[in-house]
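Reading the structure
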Amino acid sequence: QVQLVESGGGLVQPGGSLRLSCAASGSFFAIYVMGWYRQAPGKQRELVAFITSSGNTNYLDSVTGRFTISRNNANNTMYLQMNSLKPEDTAVYYCYTDVSISSSASRRRYWGQGTQVTVSS
């Protein structure tokens, strides 16, 4: 079983910064891609950013240059540094990771519980 625990959400003024964390724990063989989705009220869920096990990254166009995703493979933790936040970044942010629990097992996606980010003056 794999658990993802998120932290770091909250209320921030436009132009401010927040740092989200997502820590993976449990019994697994390997962690592959890790990433963040977000969902605002009345909108579809969208992929914000992801990072591969080798460190390659990809971002949603609207956050490129403002958000930075990173990971620490030693402690299975991922971060999302969010700068120059805008009201349209307001959403629940969910982390995910693709994990295999053994060398012969196929990959499976696990999700965090979600953390609210609100950008408002």
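Residue positions are given per chain, counted from 1 along the sequence in the order it is written. Given that this is a predicted model, residues contribute local features only at a pLDDT of at least 70 and side-chain atom pairs are listed and counted only at 80 or more, while totals for whole chains, interfaces and linings are drawn from all residues. No hydrogens and no water enter the side-chain calculation; it runs on all heavy atoms of the structure.

**Thoughts on the environment of Leu11**
Numbering of helices and strands runs from the N terminus; a helix is a DSSP stretch of H or I covering at least four residues, while a strand is a stretch of E covering at least two. Turning to its location among the elements, Leu11 is positioned in strand β2 (residues 10-12). Leave out the neighbours within four places in its chain, and Leu11 touches Thr118 and Ser120. In this analysis, two residues are considered to be in contact whenever any of their non-hydrogen atoms come within 4.5 Å of each other.

**Some thoughts on the pattern of salt bridges**
We define a salt bridge as a side-chain nitrogen of Lys or Arg found within 4 Å of a carboxyl oxygen belonging to Asp or Glu. For the structure shown, the criterion picks out four salt bridges. Between Arg38 and Glu46 there is a salt bridge; the shortest N-O distance is 2.7 Å. Given the relative accessible area of 30%, Glu46 is considered partly exposed. Put simply, Asp89 and Arg38 hold a salt bridge, and the shortest N to O gap is 3.0 Å. Taken together, the residues span a long stretch of sequence, with Asp89 in the loop between β8 (77-82) and β9 (91-100) and Arg38 in strand β4 (residues 30-39) at a distance of 51 residues. The pair formed by Asp89 and Arg38 is uniform in burial state, with each residue classed as buried. Beyond isolated ion pairs, a larger network of salt bridges with shared partners links Arg38, Glu46, Arg66 and Asp89. Accessible area is worked out with a 1.4 Å probe on protein chains only. A residue is then buried under 20% of its type maximum, exposed over 50%, and partly exposed in between.

**Some details on the packing of aromatic side chains**
Aromatic rings considered in pairs are described by the distance between their centres and by the relative angle of their planes. Two aromatic rings, drawn from Phe, Tyr or Trp (for Trp, its six-membered ring), form a pair once their centres lie within 6.5 Å of each other, and the interplanar angle then sorts them: stacked below 30 degrees, edge-to-face above 60, tilted otherwise. For the coordinates displayed, the defined rule picks out three aromatic pairs. When the ring of Tyr37 is compared with that of Trp111, the centres are 5.4 Å apart and the planes differ by 55 degrees; the resulting orientation is tilted. Of this pair, Tyr37 sits in strand β4 while Trp111 sits in strand β10 (residues 108-111), placing them 74 residues apart in sequence. Accessibility expressed as a relative area gives 15% for Tyr37, which makes it buried. Residues Tyr96 and Trp111 carry aromatic rings whose centres are separated by 5.5 Å and whose planes lie at 45 degrees to one another, so their mutual orientation is tilted.

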